[in-house]
Amino acid sequence: MAQSALAISRKTGTGAALLVAALIALALGAVISRAQGGAQLGPSDFAAVRFTVLQAACSSLLSVLLAVPVARALARRRFAGRAALVTLLGAPFILPAIVAVLGLLTVFGRNGWVNTGLEALGVPGVSIYGFHGVVLAHVFFNMPLATRLLLQGWHQIPSERFRLCAQLCLTPRAMFRAVELPMLRQIVPGALALVFVICLTSFAVALTLGGGPRATTIELAIFQAFRFDFDLGRAALLSVVQLVMAGSTALLALWLVPSLQIGGGLDRMMPRWDARGGLQRAGDAAVIMLGAAFLLVPLGAVVWRGVLGLPQMPPEVYRAAGTSVMVAVGSIVVLLMLALPMAGWIAGRKGGSMETVGLLGLSASPLMIGTGWFIVINPYADPFAFALVVTMAVNVMMALPFALRILVPPMRDALGQYGRLSVMLGLTGWRLWRVLLLPRLRAQIGFAAGLTGALSMGDLGVIALFADPDRVTLPLQMERLMGAYRMDAAAGAALVLLALSLGIFWICDKGGRWRAEA
Amino acid sequence: MLKLDDMLIVQDDFELRADFTLEAGRKYAVIGPSGAGKSTLLSALCGFIPLASGRMIWEGRDITNLAPGARPMTMLFQDNNLFPHLNVMQNVGLGLRPDLRLRQAERAQVEDALGRVNLAQYAQTKPGNLSGGQQSRVALARVLVQARPLVLLDEPFAALGPALRNEMLDLVQDMVTQTGAAMVMVTHAPDDVRRIADEVIFVEGGHAHAPRAAAALMEDPPPELRAYLG
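None of the values given here were measured: they were computed from a predicted structure.

Novice: Where do I start with the overall build of chain A in this structure?
Specialist: Each helix and strand in chain A was counted, giving 22 helices and 0 strands. Relative to the compact-globule value of 24 Å for 518 residues, chain A shows a C-alpha radius of gyration of 24 Å, a close match. Buried positions account for 52% of the 518 residues belonging to chain A.

What follows is the structure, encoded as structure tokens:
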């Protein structure tokens, strides 16, 4: 009986994992079953594959390259508002893509602030559509994420190293090579891989800023094959390509990605003795200001235009907002029901390989899952009636890998520290959850719930497939307003969406930490 | 009372054998070099490590495959003996009710135990706000309410200063004397052995040797033990 004393939630955990796998497998099976034997990928599909890889590579490279100086400057300096800025770096991750796109359009668009400025100077304007635009938007989303990951790395360098360097009077350059470069070597590959995977499956950005034969991602091609051509065979083939590509990168990322921490990069500001020179100081200040401006100006633009646009919003926006809140809350509930037992099961095991199950959600195309379930439901009922349920399920799949990443390490710690005590006291099953795990993991559960809520609130994916006048979420409503060139109304809706996304995240995250101690 | 019948523990390339009987109400010290397997022995007794072979017989009943919580023993670990998010009352109460639903009589029992370790006024306090010695006493109060016939101590007082540690050892000694429980204590300090142990289990070279009377053994140690004691 080599039974581990700490095996927890084995049945519910495996059950949840199997359910997730089945949900994806069934969708994939359904899509493949409809794929006619003659289905083939055309030249435009290969162009989409090429574009997808190219833009993801550029986006991840640029995001991480730009993040290095910003993170370094933030790690070296203390200033008023630093904590707020670091917190804001987490915002783009939960920012609805469509809202960010609107902000970027306001700043970089055809009649945007940058182009107006350039025109006044007599310089030809820049276009935000196509390859540039997609990369720009991806960098906007992922540079702050990469900055936070790197900042975490900087803060994990033991302060003794910096003291030693100060005693040895190392120059900033020598210091970079001796201390900072080895850390970067560890963190950068993971950050690159994570951003690459995120950009690989990007849909909303490609839908709004890309498009056309030269700027279509695989995900967008799946959407078009399904929605416009109703060519299930091609959609199926593309889904498989996507699954293989994103799946293998996601697997790679799993080994490389540093764990996501709450408030990572916020605490432990240690004194530094290096980089006190005027030039270093000015350089850091400039880098921080540029980084902050890149993040804050588009966000400010959304708020500014949104306030002006609020009165012009049609009443459908409010109905859509209600629908979105419902979907988001539902996603949170379902996510917790799946992620908690799965995390417990994974944390109780010795190896961590089962985390891969969660990654399926990251690599399987949401649109593929949506398409698959459309096909599965179609013979029995009106698939449009299930639009919101499928959306909810897909949102949960998307959030699952992140939730596991957040929940598993602290759960493993809690079991490592208190597992034997719990077992000795006869705490098993539900009692173990109630006495040990739920109270110990409150903060992380709140964080994971908040992330899920925000992702779900802002998601524009499957719902676009099932578009139907009666079941519209707020991001879709916003996209429609933009498509109809009602930009002011869209800006108002963007502000509402922004407030709801950040609001649901804030409530869950604060709720988790409320009166939490020890 | 607890018969270790040709028991063998295997962990990777580490092996430990034990074949002896622990008697009721006796106080045993487990000593031996670092890494010899003192903690491993206790973990196996408590059921955290499965046996490779052999049996454990408790008063004629085979408990080899029983879950840790179902065994007639309780253990204090080196650290993490209390849940930091639960208050003192709840931590002690877990010894009686794993679901924390204490009935009136059980509450009174917990309060009585806290009184006996001089912590009556701290029932609602969280462990983080207590000193190291106070935390140890909370854990002892839980051992008291659990009232298991065998108490295992895996150096739970190692982090305390000498005076405080002696105080705790005296308290433990009082407790087991009152409840009639047997005690098995891992220690590094010969002084501890002299202070409370009746018998000594010397762990060395892959063997947990059968217990020998403490006084005689410490007076005239065999060569291996002499080498360890220095």
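Novice: Just checking my understanding: could you explain the environment of A:Leu252 for this structure?
Specialist: Residue and element names in this part refer to chain A. With respect to the helices, strands and loops of the structure, leucine 252 is situated in helix H12 (residues 232-256). Judged by local crowding, leucine 252 falls into the partly exposed class, with 15 C-beta atoms found within 10 Å. Considered as a pair, leucine 252 and isoleucine 98 are 154 residues apart in the sequence and their alpha carbons are 29 Å apart.

Novice: Would you mind going over the nonpolar core with me for this structure?
Specialist: Soluble globular proteins tend to pack their nonpolar side chains together in the buried interior. Judged by nonpolar contacts, the single largest core of 241 residues is most densely connected at A:Ala339, A:Ala493 and A:Ala494. The element that contributes the greatest number of residues to this core is helix H17 (residues 387-424) of chain A, accounting for 24 residues. Taken together, domain 1 (2-72 + 149-229) and domain 2 (82-147) of chain B each give at least three residues to this core, which thus spans both. When neighbours within four sequence positions are excluded, A:Ala493 is seen to be in contact with A:Met313, A:Val317, A:Leu474, A:Gln477, A:Met478 and A:Leu481.

Novice: Just to check I follow, could you spell out the packing of helix H14 (residues 316-348) of chain A against helix H19 (residues 442-458) of chain A for this structure?
Specialist: A pair of packed helices can be characterised by two numbers: the angle between their axes and the separation between those axes. Residues and elements named next belong to chain A. In the contact formed by H14 and H19, the axes pass within 8 Å of each other and the chain directions differ by 140°. With respect to H19, the element H14 is oriented oblique. Our pair here, H14 against H19, has a crossing hand that is right-handed. Side by side, H14 and H19 meet where Ser324, Val327, Ala328, Ser331, Ile332, Leu335, Leu336 and Ala339 of the first sit next to Ala448, Ala449, Thr452, Gly453, Ser456 and Met457 of the second.

Novice: What is the right way to read helix H3 (residues 104-116) of chain B from this model?
Specialist: Since the α-helix advances by 3.6 residues per turn, residues separated by three or four positions end up pointing in the same direction. All names here are of chain B. Compared with an ideal rise of 1.5 Å per residue, which puts 13 residues at 18 Å, H3 spans 19 Å between its outermost C-alpha atoms and is within 8% of the ideal. By the burial criterion, the buried members of H3 are Val110, Ala113 and Leu114. The buried residues of H3 occupy an angular sector of 100° when the element is viewed end-on, so they sit on one face. Residues Gln104, Ala105 and Ala108 are exposed on H3 and point more than 90 degrees away from its buried face.

Novice: Sorry if this is basic, but what is going on with the domain arrangement of chain B here?
Specialist: For an interface, size is often stated in terms of accessible area lost upon the parts coming together. Residues and elements named next belong to chain B. Domain assignment breaks chain B into domain 1 (2-72 + 149-229) and domain 2 (82-147). Here the C-alpha centre of domain 2 lies 25 Å away from the C-alpha centre of domain 1. Ranked by the residues each element gives to the side of domain 1 that touches domain 2, the list is headed by helix H5 (residues 162-179), at 6 residues. Across the side of domain 1 that touches domain 2, the residue classes break down as 10 nonpolar, 1 polar and no charged.

Novice: Would you explain the environment of A:Val390 in this entry?
Specialist: All names here are of chain A. As for its placement among the helices and strands, valine 390 is situated in helix H17. Judged by the 26 C-beta atoms lying within 10 Å of it, valine 390 is buried. For valine 390 and phenylalanine 374, which are 16 residues apart along the polypeptide, the C-alpha to C-alpha distance reads 8.7 Å. Apart from residues lying up to four places away in sequence, valine 390 is in contact with Gly370, Trp373 and Val462.

Novice: Is there a simple way to explain the environment of A:Trp433 in this structure?
Specialist: Residue and element names in this part refer to chain A. Within the secondary structure, tryptophan 433 is located in helix H18 (residues 429-440). We classify tryptophan 433 as partly exposed; it has 18 C-beta atoms within 10 Å. Through-space distance from the C-alpha of tryptophan 433 to that of alanine 246 is 34 Å; in sequence the pair is 187 residues apart.

Novice: What is the right way to look at the pairing of strand S9 (residues 199-204) of chain B in this model?
Specialist: Taken residue by residue, a regular strand's side chains alternate between the two faces of the sheet. Residue and element names in this part refer to chain B. The buried count for S9 comes to 5 of 6 residues, which makes it a mostly enclosed element. Pairing of strand S3 (residues 27-31) with S9 involves 4 bridges; the strand directions are parallel. By the bridge assignment for S9, alanine 29 is matched with valine 200. Bridging between S9 and strand S11 (residues 212-213) involves 2 bridges; their strand directions are antiparallel. By the bridge assignment, valine 200 is partnered in S11 with arginine 212. Here 2 bridges tie S9 to strand S10 (residues 207-208), and the two strands are oriented antiparallel to one another. From the neighbouring strand, glutamate 204 faces S10, where its bridge partner is histidine 207. Linking S9 back to S10 in an antiparallel pair, the connection comprises 2 residues, with glycine 205 at a positive phi of about 55°.

Novice: Would you explain the confidence of the model for chain A in this entry?
Specialist: One rule of thumb: low pLDDT means the predicted coordinates there are not for detailed reading. Residues and elements named next belong to chain A. Confidence in the prediction for chain A averages 84 pLDDT; 90% of positions are at 70 or higher. Low confidence marks residues 1-5, where pLDDT is under 50. Its contacts with residues over four positions away, or in another chain, come to 8 contacts. Residue range residues 262-267 is modelled with pLDDT below 50. Its contacts to residues more than four positions away, or to other chains, number 12 contacts.

Novice: Could you clarify how one ought to interpret helix H16 (residues 366-377) of chain A in this entry?
Specialist: Residues and elements named next belong to chain A. Its 12 residues give H16 an end-to-end C-alpha distance of 16 Å, which sits within 8% of 16 Å, the value for a rise of 1.5 Å per residue. Where burial is concerned, most of H16 is hidden: 10 out of the 12 residues are buried. Where H16 is concerned, the buried positions are Pro366, Leu367, Met368, Ile369, Gly370, Thr371, Gly372, Trp373, Phe374 and Ile375.

About the criteria used
- Here the residue index of a chain counts from 1 through its sequence in written order.
- Chains and ligands are labelled by the order in which they are written, letters from A for the one and numbers from 1 for the other.
- This being a predicted model, a pLDDT of at least 70 is required before a residue's local features are given, and a value of 80 or more before pairs of side-chain atoms are given or counted; all residues contribute to the totals for chains, interfaces and linings.
- Under the DSSP-based scheme used, a helix requires at least four consecutive residues in state H or I and a strand at least two consecutive residues in state E, with every element numbered from the N terminus.
- Computation of the radius of gyration draws on C-alpha atoms, with the globule rule given as 2.2 Å multiplied by the number of residues to the power 0.38.
- Note on burial: count the other C-beta atoms lying within 10 Å of the residue's C-beta; 20 or more is buried, 12 or fewer is exposed, in between is partly exposed, and C-beta positions come from the backbone.
- By definition, a nonpolar core groups buried Ala, Val, Leu, Ile, Met, Phe, Trp, Tyr and Cys residues that connect through C-beta atoms lying within 7 Å of each other.
- Those domain boundaries reflect an automatic or database domain assignment.
- Here, residue contact means that the backbone-derived C-beta atoms of the two residues sit within 7 Å.
- To obtain each axis, a line is fitted to C-alpha atoms, and for helices this fit is confined to the stretch in contact; angles are then taken between N-to-C directions over 0 to 180 degrees.
- These descriptions rest on fixed angle ranges, namely under 35 degrees for roughly parallel, over 145 for roughly antiparallel, 65 to 115 for roughly perpendicular, and the rest for oblique.
- Left-handed is the label given to a crossing in which the near helix is rotated counterclockwise from the far helix by less than a right angle, and right-handed is the label when the rotation is clockwise.
- Expected helix span is given by 1.5 Å per residue-to-residue step, counting one fewer step than there are residues.
- Here, the arc refers to the directions that run from the helix axis to the C-beta atoms.
- For this scheme, ten residues count as nonpolar: Ala, Val, Leu, Ile, Met, Phe, Trp, Tyr, Cys and Pro. Four count as charged, namely Asp, Glu, Lys and Arg, and the remainder, Gly too, count as polar.
- Two strands make a pair as long as DSSP finds a minimum of two bridges between them.
- Confidence scores per residue from the predictor, reported as pLDDT, run from 0 to 100.

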